[in-house]
Amino acid sequence: MSYQSPEELSAKAKELIVEYVNKCDTLKPKERTQIPAQEMPTQDPFIRRTNLEEVAIGFSEEQARIEAMRCLQCIKKNCVQDCPVNINIPGFVNKIAHGDFEGAAQIIKQTTLLPAICGRVCPQETQCQLHCAVGKALKDVNKSVAIGRLERFIADWERKNGKKVLPVIKPPTGKKVAVVGSGPAGLVVAADCKREGHHVTIFEAFHKLGGVLRYGIPEFRLPNDIIDQEIETLKQMGVEIKTNFVVGRTRKLIDLIEKDKYDAVFVGTGAGLPIFMGIEGENLVGVFSANEYLTRANLMRAFEKEKADTPIISSKKVAVIGGGNVAMDSARMAKRLGAEEVYIIYRRTEHEMPARKEEVAHAKEEGIEFHFLENAKQIIGDEHGCVTGIECVRFELGEPDESGRRRPMEIKNSEFIVEADTVIVAIGNGSNPLISQTTPQIQVNKWGNVLVDKTQKTSLNKVFAGGDIVLGAATVILAMGSYFLCASSCGYRKVKQQ
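Worth saying up front: this structure is predicted, and the values here are computed from it rather than measured.

Here is what the cut-offs are and how they apply
Residues numbered from 1 in each chain as written. Predicted model: local features only at pLDDT ≥ 70, side-chain atom pairs only at ≥ 80, totals over all residues. Heavy atoms only, no water. Helix = DSSP H or I, 4+ residues; strand = E, 2+ residues; numbered from the N terminus. Buried < 20%, exposed > 50% of the residue type's maximum accessible area, 1.4 Å probe, protein only. Contact = heavy atoms within 4.5 Å. Areas by Shrake-Rupley, 256 points an atom, 1.4 Å probe, with all protein chains shown as cover. Lys, Arg positive; Asp, Glu negative; His and termini not counted. Charge placed at Lys NZ, Arg CZ, Asp CG, Glu CD. Axes fitted to C-alpha atoms, helices over the stretch in contact; angles between N-to-C directions. Parallel < 35°, antiparallel > 145°, perpendicular 65-115°, else oblique. Left-handed = near helix turned anticlockwise from the far one by under 90°. Nonpolar A, V, L, I, M, F, W, Y, C, P; charged D, E, K, R; others polar. Polar contact = N/O pair within 3.5 Å; in protein donor to acceptor, adjacent residues only side chain to side chain. Core = buried A, V, L, I, M, F, W, Y, C linked by side-chain atoms within 4.5 Å. Pairing = 2+ DSSP bridges. Phe/Tyr/Trp six-rings, centres within 6.5 Å; stacked < 30°, edge-to-face > 60°. Lys NZ or Arg CZ within 6 Å of the ring centre and 35° of its normal. Disulfide = S-S within 2.5 Å. Salt bridge = Lys/Arg side-chain N within 4 Å of Asp/Glu carboxyl O.

Chemist: Can you break down the overall build of the protein residue by residue, with the values?
Modeler: Helices and strands together make up the secondary structure of the protein, namely 20 helices and 16 strands. Seen through its principal axes, the protein has C-alpha atoms that stretch 70 × 65 × 50 Å. Within the protein, the proportion of its 498 residues that are buried is 55%. The contacts of the protein with a sequence gap of at least 6 include a subset with a gap of at least 24, amounting to 69%. On the protein, roughly 22200 Å² of surface is accessible, and the fraction owed to carbon and sulfur atoms is 50%. The distance from the centre of the 66 positive side-chain charges to the centre of the 64 negative ones in the protein is 7 Å.

What follows is the structure, given as structure tokens:
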């Protein structure tokens, strides 16, 4: 599909709203499925690949209402069941269809405090939109009602129109809760515990809050000011924040309970341990884990080359190994940092890629090249220990493996060389090991994920855990969906588990 400007998309929606606005309550299901799905307005691909401004601009009011009118308001609410935090999706979508944006915001905020974030980065096509009746009727999940885009629209509308209000906070309970880590799970736990009247302290190892939201997701997908505004809400609620504080080093976790008298501790330190391939050449200059590359670019501002404290070497040819969203983020960031050629090397086909289709499409539009059915065998360097290329091998697909995807099978004697001066390994992350290493009382599985019971309680009394430290590297909404809403020792027993 050729690029359409935001102005063109808005003009089409204005024509449609005239046609449908007075039929909102009388449209039959077949008529609703015939309403054109609204395309997300974006920056021009040739412009956006040179800047870090957000790629997706967001629906206009007319687009949002038209898209919402596509919803069938099903009796069986599959979308709600498939949402990890069970948002009342038909309820807020119906409010949008009728132009009641403030009402839609109130419904969303009953369940989630991070709609501006989740509406941008969560894989709705594999969650709330997967079993949408509209998508099923049209036999294409990508034609389901755009729930995530509508969620984002409401969050942005609320913020731009000054309609955001602080959550109601119950009277003080006298209980203290420590939240270790300020990623999505930590932010949600802090907000919910504070709403229950507990004193909450967030301990963050970095100098800025946000966890993976800030260091792992580029601003062209999730602007930092969105994260900052959510954190400002926590501050206004009275949440105490301590940065540059590494629990396990600055202070042992057990000391938070025994010496600092916290009634409960929530561990949400995420999955920040890079996984490498274990091939020759991974120690060469110019090889990065995606975690390091994105942290330097996002958190340490390496794109501000004249004043960055932790710059990234200038690259001409960048090879990214992997096929997930992190690989897309790394490749697209490399292009914005000035690389002339950027390749994504993935050992299966595009059909098996775990990355969101939208991110893959955006990467292609921005000039990223895809090398499918290939993988790195070794990384090659020069006499100075710097990367010069990758020896790759070709694959073909065999029978499905335990993940349900067809297993890649190496083709013998198919080796070839890909020129590159930078290699980014984006094949996944393991759980942060610091807490388990410094707190042996906490049990972990063979992958280092903290073991919890159905209330998110760990093997250590008064200590709970959630998010990627429990799930392994997952998504923002799944991290939120596995949170605990405070320990029973704090007098609040409601627990959310997906």
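Next comes the rest of the write-up.
Chemist: Any details on helix 6 (residues 89-97)? Residues and values, ideally.
Modeler: For helix 6, the tally of buried residues reaches seven of nine residues, placing the bulk of the element in the interior. Residues of helix 6 that are buried include every one of Ile89, Pro90, Gly91, Phe92, Val93, Ile96 and Ala97, and no others. Turning to helix 6, the residues buried within the fold contact helix 4 (61-69), helix 5 (78-82), helix 7 (101-109) and helix 10 (147-160).

Chemist: Mind laying out the packing of helix 4 against helix 6, listing which residues take part and the relevant values?
Modeler: At a minimum axis distance of 8 Å, the contact between helix 4 and helix 6 shows a crossing angle of 130 degrees. In terms of axis orientation, helix 4 runs oblique to helix 6. Helix-helix and strand crossings are classified by hand; for helix 4 and helix 6 the assignment is left-handed. Between helix 4 and helix 6, the residues in contact are Ala64, Arg65, Ala68 and Met69 and Val93, Ile96 and Ala97, respectively. Residues that form the contact of helix 4 with helix 6 fall into these classes: six nonpolar, no polar and one charged.

Chemist: Hey, could you go over the side chain of Gln43 for me, with residue numbers and the actual values?
Modeler: By the element assignment, Gln43 lies in the loop between helix 2 (29-33) and helix 3 (45-48). On the basis of relative accessible area, Gln43 is assigned to the buried category, the value being 11%. Looking at Gln43, its side chain comes within polar contact range of the main-chain oxygen of Glu53, at 3.1 Å. With near-sequence residues (within four places) excluded, Gln43 lies in contact with Tyr3, Arg48, Asn51, Glu53, Glu54, Val55 and Ile57.

Chemist: Can you lay out the nonpolar core for me, pointing to particular residues and giving the numbers?
Modeler: A general trend in soluble globular proteins is that nonpolar side chains are found buried together. Grouped together as the largest cluster of nonpolar side chains are 37 residues, with contacts concentrated most on Ile89, Phe92, Ile96, Leu150 and Ile154. Mapped by element, the contributors of at least two residues to this core are helix 1 (6-20), helix 4, helix 5, helix 6, helix 7 and helix 10. Leave out the neighbours within four places in its chain, and Ile96 touches Ala64, Arg65, Ala68, Phe101, Ala104, Leu150 and Ile154. Within the second largest apolar cluster, 31 residues are counted, among which are Leu114, Ile217, Ile227 and Ile231.

Chemist: Can you tell me about the sheet that holds strand 8 (residues 341-346), naming the residues and giving the values?
Modeler: Taken in spatial order, the five strands of this open sheet run 6-14-7-8-9, and their pairing is parallel. At either end of the open sheet lies a strand with only one pairing partner, and these are strand 6 (287-289) and strand 9 (369-372). Across the sheet, the axes of successive neighbouring strands diverge by a mean angle of 20 degrees, strand direction being ignored. Across five bridges, the pairing between strand 7 (residues 317-321) and strand 8 is parallel. Paired with Val320 across the bridge in strand 8 is Ile344. The sheet strands contacting helix 16 (residues 325-336) are strand 7, strand 8, strand 9 and strand 14 (422-425), and the helix crosses strand 8 at an angle near 165 degrees.

Chemist: Can you lay out the packing of aromatic side chains for me, pointing to particular residues and giving the numbers?
Modeler: With the rule as written, the count across this model stands at seven aromatic pairs. Ring centres of Phe288 and Tyr293 lie 5.5 Å apart, and the angle between their planes is 75 degrees; this geometry places the pair in the edge-to-face category. Accessibility assignment for this pair places Phe288 and Tyr293 in one class, buried. Among the aromatic residues, those joined into a cluster by ring pairs are Phe101, Phe153 and Trp157. Above the face of the Phe370 ring, Lys364 is positioned so that its terminal group lies 5.8 Å from the ring centre. Over the ring of Phe416 we find Arg394, and its NZ or CZ is 4.0 Å from the ring centre.

Chemist: Give a detailed account of the sheet that holds strand 2 (residues 199-203), specifying residues and quantitative values.
Modeler: Ordered in space as 3-2-1-4-16, the five strands form an open sheet in which the pairing is parallel. Edge strands, defined here as strands with exactly one partner in the open sheet, are strand 3 (240-242) and strand 16 (463-465). Taken over all neighbouring pairs, the strand axes of this sheet differ in orientation by 20 degrees on average, direction set aside. Sheet topology places strand 1 (residues 176-180) next to strand 4 (residues 264-267); four bridges connect them, and they run parallel. Bridging across to strand 4, Val180 finds its partner in Val267. Sheet contacts for helix 11 (residues 184-195): strand 1, strand 2 and strand 4; angle to strand 2, the most-contacted strand, approximately 165 degrees.

Chemist: Talk me through the state of the cysteines; I want residue IDs and the actual numbers.
Modeler: Put plainly, two cysteines are in a disulfide when a covalent bond ties their sulfur atoms together. One pass over the structure, following the stated rule, counts zero disulfides. There is no disulfide at Cys79, and the cysteine sulfur nearest it, in Cys71, is 6.5 Å away. The exposure class assigned to Cys79 is buried, which follows from its relative accessible area of 14%. Not engaged in a disulfide, the cysteine Cys128 finds its nearest cysteine sulfur in Cys83; these two sulfurs lie 6.1 Å apart. Given a relative accessible area of 8%, Cys128 falls into the buried group.

Chemist: For the pattern of salt bridges, give the residues involved together with the corresponding values.
Modeler: Side-chain pairing between opposite charges can occur once the charged atoms of the two side chains come close. Inspection of every chain in the model, using the stated rule, returns 32 salt bridges. With a closest N to O distance of 3.0 Å, Arg120 and Asp156 form a salt bridge. Of this pair, Arg120 sits in helix 8 (residues 115-121) while Asp156 sits in helix 10, and the two are 36 residues apart along the sequence. Classification of Arg120 as buried rests on a relative accessible area of 7%. The salt bridge partner of Arg152 is Asp156, with a shortest N-O separation of 3.2 Å. In this pair, Arg152 and Asp156 are both assigned in helix 10, four residues apart and thus about one turn of the helix distant. For the residue pair Arg152 and Asp156, the accessibility class agrees, reading buried in each case. In this structure, a network of salt bridges that share partners links the residues Arg48, Arg221, Asp329, Arg332, Arg336, Glu359, Glu365 and Glu366.

Chemist: Could you give me a rundown of unusual backbone geometry, with the residues and numbers involved?
Modeler: Look at Asn86: it is not a glycine, yet its phi comes out positive at around 55 degrees. As for its position among the elements, Asn86 is in the loop between helix 5 and helix 6. Of note in this structure, Lys462 is not a glycine but carries a positive phi near 75 degrees. Within the secondary structure, Lys462 sits in the loop between helix 18 (434-438) and strand 16. With a relative accessible area of 29%, Lys462 lands in the partly exposed category.

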